[in-house]
Amino acid sequence: MKIKTSILVLAFLASAKLFGQVTDNCVANLILSGYSERAYVSEPVTDQQLEMILKCGIKAPSGRNNQPWRFTVVRDEPAMKEAIGNVLTGNVLIIISGVESQTGTTPDFDCGLATESMFLAAHSLGLGARIYGGPVGNVSSKRELFQIPAGYKPVIILRIGNVDKTVDAVSAATPRKSAEEIVNYKK
Ligand SMILES: Cc1cc2nc3c(=O)[nH]c(=O)nc-3n(C[C@H](O)[C@H](O)[C@H](O)COP(=O)(O)O)c2cc1C
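Residues numbered from 1 in each chain as written. Predicted model: local features only at pLDDT ≥ 70, side-chain atom pairs only at ≥ 80, totals over all residues.

Visitor: What should I look at first to understand the site of the ligand in this one?
Guide: Every residue lining the ligand is accounted for by Tyr-35, Ser-36, Arg-130, Ile-131, Tyr-132, Gly-133, Gly-134, Ile-156, Ala-173 and Thr-174. A total of 3 residues in the shell around the ligand trace back to one element, the largest contributor, which is strand β4 (residues 128-132). When the residues that make up the shell around the ligand are grouped by side-chain class, the tally is 5 nonpolar, 4 polar and 1 charged. (Near = placed C-beta within 6 Å. Helix = DSSP H or I, 4+ residues; strand = E, 2+ residues; numbered from the N terminus. Nonpolar A, V, L, I, M, F, W, Y, C, P; charged D, E, K, R; others polar.)

Here it is as structure tokens:
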């Protein structure tokens, strides 16, 4: 019986590996098994977790190492709700803003890289995260409320929080296009 179970487990792992969902590499695993959480609980993100996530954003690469970004951390619920209606106390919003006037730079792209670094860092700490583009207008129209630094324009918002584990998010995971559809190899 034990041997049968072991064979089944090995077969599952082998097929998962073949389909690219499990590797021996923890970063690849994090990327391949991750998703953008929608359901959160109000257990707070700790200061230590937030500090690590911000460090990872600061370490992101940028064109000419310009680091053309500012990260505005919002933790108070009324302000968070002005941006995203269904946030909970204990969640954190990081508004990623790009420099407004610097010719020859790529602030939006660089802000995207910093956002992804923080998104992955949050997941690596066992937290949930979701990137929000839609509500950026809510922030841009209330720059003073959110204390967006002068000379910077909000590009994207990252929501971080503890995940509601009673919600089955895996079955609702967003599918991806196939490699055949996306990748072409120059012959
Ligand atoms: C630039 C960008 C903007 C996004 N804006 C929103 C948004 O406004 N609202 C939202 O619910 N999700 C938003 N998302 C999350 C995407 O819908 C999500 O990343 C995508 O569906 C893949 O989901 P998955 O990571 O769970 O597989 C955004 C993601 C990105 C990268």
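What follows continues from the structure just given.
Visitor: Help me understand the packing of helix α3 (residues 47-58) against helix α5 (residues 107-124) in this model?
Guide: Working note: a packed helix pair is described by the angle between its axes plus the distance between those axes. Across the interface, α3 lies against α5 with an axial gap of 8 Å and an inter-helix angle of 150°. For the element pair α3 and α5, the recorded crossing hand is right-handed. Every residue of α5 that contacts α3 at Met-52, Ile-53, Cys-56 and Gly-57 is listed here: Ala-114, Ser-117, Met-118, Ala-121 and Ala-122. Grouping the amino acids of the contact of α3 with α5 by side-chain chemistry returns 7 nonpolar, 2 polar and no charged. (Axes fitted to C-alpha atoms, helices over the stretch in contact; angles between N-to-C directions. Left-handed = near helix turned anticlockwise from the far one by under 90°. Contact = placed C-beta atoms within 7 Å.)

Visitor: Please clarify how the nonpolar core should be interpreted in this entry.
Guide: One broad rule of soluble globular proteins: the nonpolar side chains tend to lie buried together. Leu-93, Ile-95, Ile-96, Met-118, Ala-122, Leu-158 and Ile-160 are the most contacted members of the largest nonpolar core, which has 28 residues in total. Within the residue set of this core, elements represented by two or more residues are α3, β2 (69-74), α4 (77-83), β3 (92-99), α5 and β5 (152-163). Counting residues per element, this core draws most heavily on α5, which supplies 6 residues. Those residues in contact with Ile-96, other than ones at most four positions away along the chain, are Trp-69, Phe-71, Cys-111, Ala-114, Thr-115, Val-155, Ile-156 and Leu-158. (Core = buried A, V, L, I, M, F, W, Y, C linked by C-beta atoms within 7 Å. Buried ≥ 20, exposed ≤ 12 C-beta atoms within 10 Å, placed from the backbone.)

Visitor: I would appreciate a short explanation of unusual backbone geometry in the present structure.
Guide: Backbone geometry follows two general trends: most residues other than glycine have a negative phi, and most peptide bonds adopt the trans configuration. One non-glycine residue, Arg-64, lies in the positive phi region at around 55°. Here Arg-64 shows up in the loop between α3 and β2. The exposed category is assigned to Arg-64, around which 11 C-beta atoms lie within 10 Å. Of note in this structure, Asn-65 is not a glycine but carries a positive phi near 55°. You can see Asn-65 is positioned in the loop between α3 and β2.

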